[in-house]
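One letter stands for each residue in the lines below.
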Amino acid sequence: YGKGVLGLSANDVVFSAAKLFFAYGLGNALTFPLSVGASVVLMAERPTPQATFKRLVDHKPTVFYGAPTGYGGMLASPDLPTKDQVALRLCSSAGEALPADIGERWTARFGCEIIDGIGSTEMLHVFLSNKPGDVRYGTTGKPVPGYEVQLRGEQGEVLTGHNEIGDLYIKGPSAALMYWNNREKSRDTFQGEWTKSGDKYSRDPEGYYTYAGRNDDMLKVSGIYVSPFEVEATLVQHPAILEAAVIGKEDTDGLTKTKAFVVLKAGGQADEAELKAFVKDRLAPYKYPRFIEFVADLPKTATGKIQRFKLRAQESTGGAA
């Protein structure tokens, strides 16, 4: 990934928002640059937009590694640098799938692509990725050289058709052997040469893979799989929305419908009816959020992944945190 996808060389200066104690940050800021003799910018503080801008402007990294939440926050900041203030040739994104709108706006601002990919601690780093000059925003690209991927159905069968949602499995030389002291989870995840990622994906006729959600995040509405990420990525296209998270919520008939938690941008204004209509105009009717709740922020991991399970727990307890 470092050499073959990002094309790192000794001329690069790299800067990673993800810290060294994450698998993503370890490759970004240690093993990949060390392998080619590149320079690294390290930052002890939290990667807020302002802290990140300072390093991009002061140290002029040529490659920046971030996460979708971080890119969205930076684009929404009034302090966003201009293209001539930075020296970026390429950016990388992982942690969660990158909404197409964020990638397109970033490229329009800085003239460089965001290479969106997916990796995992179990596989050490990114195994499925877009590539420079072959970026299709809204997808996670194609397998990184050296890795094979499969999509499997609910009965474990390999899916060979197009645009079918299935479980993502990976085979490659960097896979872990097992989890420490957890035999049950090890047997479920590490299946011979294949590693079960826990993610749902689809593959289009040209071989690009598109993220549908984590296995435990997927929703079945009217008997059809709905990707929470697809609904979220549509909502954040609205000019007033900074972030969104979608979960399942039972209606009065006990049927699962989509509920969106929405964070507005500073000064942004939108009402529930407007947002429902906005999604209906862009997605199949059954996918639009039947319920919308405006919140000040969303629960996230240290790497910026939205913790939908916390929102589900909050919903199940009647809104109590």
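Here, every reference points to the structure presented above.
Quick caveat, the model's predicted, so the values are computed rather than measured. (Residues numbered from 1 in each chain as written. Predicted model: local features only at pLDDT ≥ 70, side-chain atom pairs only at ≥ 80, totals over all residues. Heavy atoms only, no water.)

1. Focus: empty space enclosed by the protein
Considering all chains together, one arrives at two cavities of 30 Å³ or more under this definition. What lines the largest cavity is a set of 21 residues, among which P99, I102, V236, L242 and E243 lie closest to the centre. Contributions of two or more residues to the lining of the largest cavity are made by α3 (68-76), α4 (100-110), α6 (228-235) and β15 (241-250). Per-class residue counts for the lining of the largest cavity are 11 nonpolar, three polar and seven charged. Looking at the second largest cavity, its volume works out to about 30 Å³. Lining the second largest cavity, in full, are A67, P68, T69, A94, G95, E96, T303, G304 and K305. Looking at side-chain class alone, the lining of the second largest cavity contains three nonpolar, four polar and two charged residues. (1 Å grid on protein atoms, 1.4 Å probe; cavity = no way out; pocket = protein on both sides within 12 Å on 5 of 7 lines; lining within 4 Å. Points joined across faces, edges and corners; volume = space filled by probe spheres on them. Helix = DSSP H or I, 4+ residues; strand = E, 2+ residues; numbered from the N terminus. Nonpolar A, V, L, I, M, F, W, Y, C, P; charged D, E, K, R; others polar.)

2. Here we look at the environment of L34
Along the chain, L34 turns up in helix α1 (residues 23-36). Overall, L34 belongs to the exposed group, its relative accessible area being 67%. The spatial distance from the C-alpha of L34 to the C-alpha of A10 is 9.1 Å, given a sequence separation of 24 residues. (Buried < 20%, exposed > 50% of the residue type's maximum accessible area, 1.4 Å probe, protein only.)

3. Brief notes about the packing of aromatic side chains
As enumerated under the stated definition, the model contains 10 aromatic pairs in all. Aromatic side chains F21 and F22 sit 4.7 Å apart centroid to centroid with 45° between the ring planes, which places their arrangement in the tilted category. For F21, a relative accessible area of 67% translates into the label exposed. Pairwise contacts between aromatic rings join F15, F64, Y71, W106 and F110 into one cluster. In this arrangement the basic side chain of K280 is found over the ring face of Y288, its NZ or CZ atom lying 4.4 Å from the centre. (Phe/Tyr/Trp six-rings, centres within 6.5 Å; stacked < 30°, edge-to-face > 60°. Lys NZ or Arg CZ within 6 Å of the ring centre and 35° of its normal.)

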